[in-house]
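Summary of the model geometry
Single-letter residue listing:
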Amino acid sequence: MKDSQEKRFARQTAALLRVLGQPARLRILLAIGEGEACVCHLESALGMRQAYISQHLMTLRDADLVTSRRAGKYIFYRLRDTGLLDLICLAAQAACAAFPAPTGAGTYGGCACPHCSPQELITPVILEEPHA
């Protein structure tokens, strides 16, 4: 019994580390940070193409590391568990790498989502008929 639990533990942990073992995915997770971000945020923040980011987000979603919510035509991604940032920090320490602070959600130049480019309020113009 114990042997099968150890094997399952090893398989699941190795699978997680394989997902995290891709530098672009680490950058995406750090860019999301403790907030949320849409793909256009990530494009602006990371300088990566939308298709490339979307492929990595699909892998992160399949690994159950990120969740998403739709707001109109935008999909916002967030970490399922922000404790993942602690794991990334520990891995960086073990690799003697400087851990950058997560950027989190913010506004990015060139991003067209509602967080960065709020739609201007359009005030209806009421035309009055001239008084006779």
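These numbers were taken from a predicted model, which means no experiment stands behind them.

Cut-offs used in this document
- Residues numbered from 1 in each chain as written.
- Predicted model: local features only at pLDDT ≥ 70, side-chain atom pairs only at ≥ 80, totals over all residues.
- Heavy atoms only, no water.
- Helix = DSSP H or I, 4+ residues; strand = E, 2+ residues; numbered from the N terminus.
- Buried < 20%, exposed > 50% of the residue type's maximum accessible area, 1.4 Å probe, protein only.
- Contact = heavy atoms within 4.5 Å.
- Areas by Shrake-Rupley, 256 points an atom, 1.4 Å probe, with all protein chains shown as cover.
- Pairing = 2+ DSSP bridges.
- Axes fitted to C-alpha atoms, helices over the stretch in contact; angles between N-to-C directions.
- Salt bridge = Lys/Arg side-chain N within 4 Å of Asp/Glu carboxyl O.

With that settled, the discussion passes to the overall build of the protein chain. Secondary structure summary: the protein chain contains five helices and three strands in total. Listed by position from the N terminus, the elements making up the protein chain come as α-α-β-α-α-β-β-α. Counting every position in the protein chain, which comprises 132 residues, the buried fraction comes to 30%. Of the contacts formed within the protein chain by residues at least 6 apart in sequence, a portion of 64% connects residues at least 24 apart. By element, 57% of the accessible surface of the protein chain is carried by carbon and sulfur atoms, the whole surface being about 9,100 Å².

With antiparallel pairing, three strands are arranged side by side in an open sheet as E1-E3-E2. Whereas interior strands pair on both sides, the edge strands pair on one side only; in this sheet they are strand E1 (36-38) and strand E2 (66-71). Within this sheet the neighbouring strands show an average axis-to-axis angle of 30°, counted without direction. By the bridge criterion, three bridges tie E1 to strand E3 (residues 74-79) in an arrangement that is antiparallel. For alanine 37, the partnering residue across the bridge sits in E3 and is tyrosine 77. The strands touched by helix H2 (residues 23-32) are E1, E2 and E3; relative to E3, the strand with the most contacts, the crossing angle is about 95°.

The subject of this paragraph is the pairing of E2. As defined by bridge partners, E2 adjoins E3 across six bridges and the pair is classed as antiparallel. Bridging across to E3, threonine 67 finds its partner in arginine 78. Linking two consecutive strands that pair antiparallel, namely E2 and E3, is a turn of two residues; a positive phi of about 65° is found at glycine 72 within it.

Here we come to the pattern of salt bridges. Scanning the model with the defined rule gives three salt bridges in all. Where arginine 78 meets glutamate 36, a salt bridge forms, and the shortest distance between an N and an O atom there is 3.2 Å. Of this pair, arginine 78 sits in strand E3 while glutamate 36 sits in strand E1, and the two are 42 residues apart along the sequence. Overall, arginine 78 belongs to the partly exposed group, its relative accessible area being 35%. One salt bridge in this structure joins aspartate 64 and arginine 80, with 2.8 Å as the shortest N-O distance. Note that aspartate 64 is positioned in the loop between helix H4 (50-62) and E2 and arginine 80 in the loop between E3 and helix H5 (83-94), a separation of 16 residues in sequence. In this structure aspartate 64 comes out as partly exposed when scored by relative accessible area, which is 44%. You can call arginine 80 partly exposed: its relative accessible area is 47%. Beyond isolated ion pairs, a larger network of salt bridges with shared partners links Glu36, Arg69 and Arg78.

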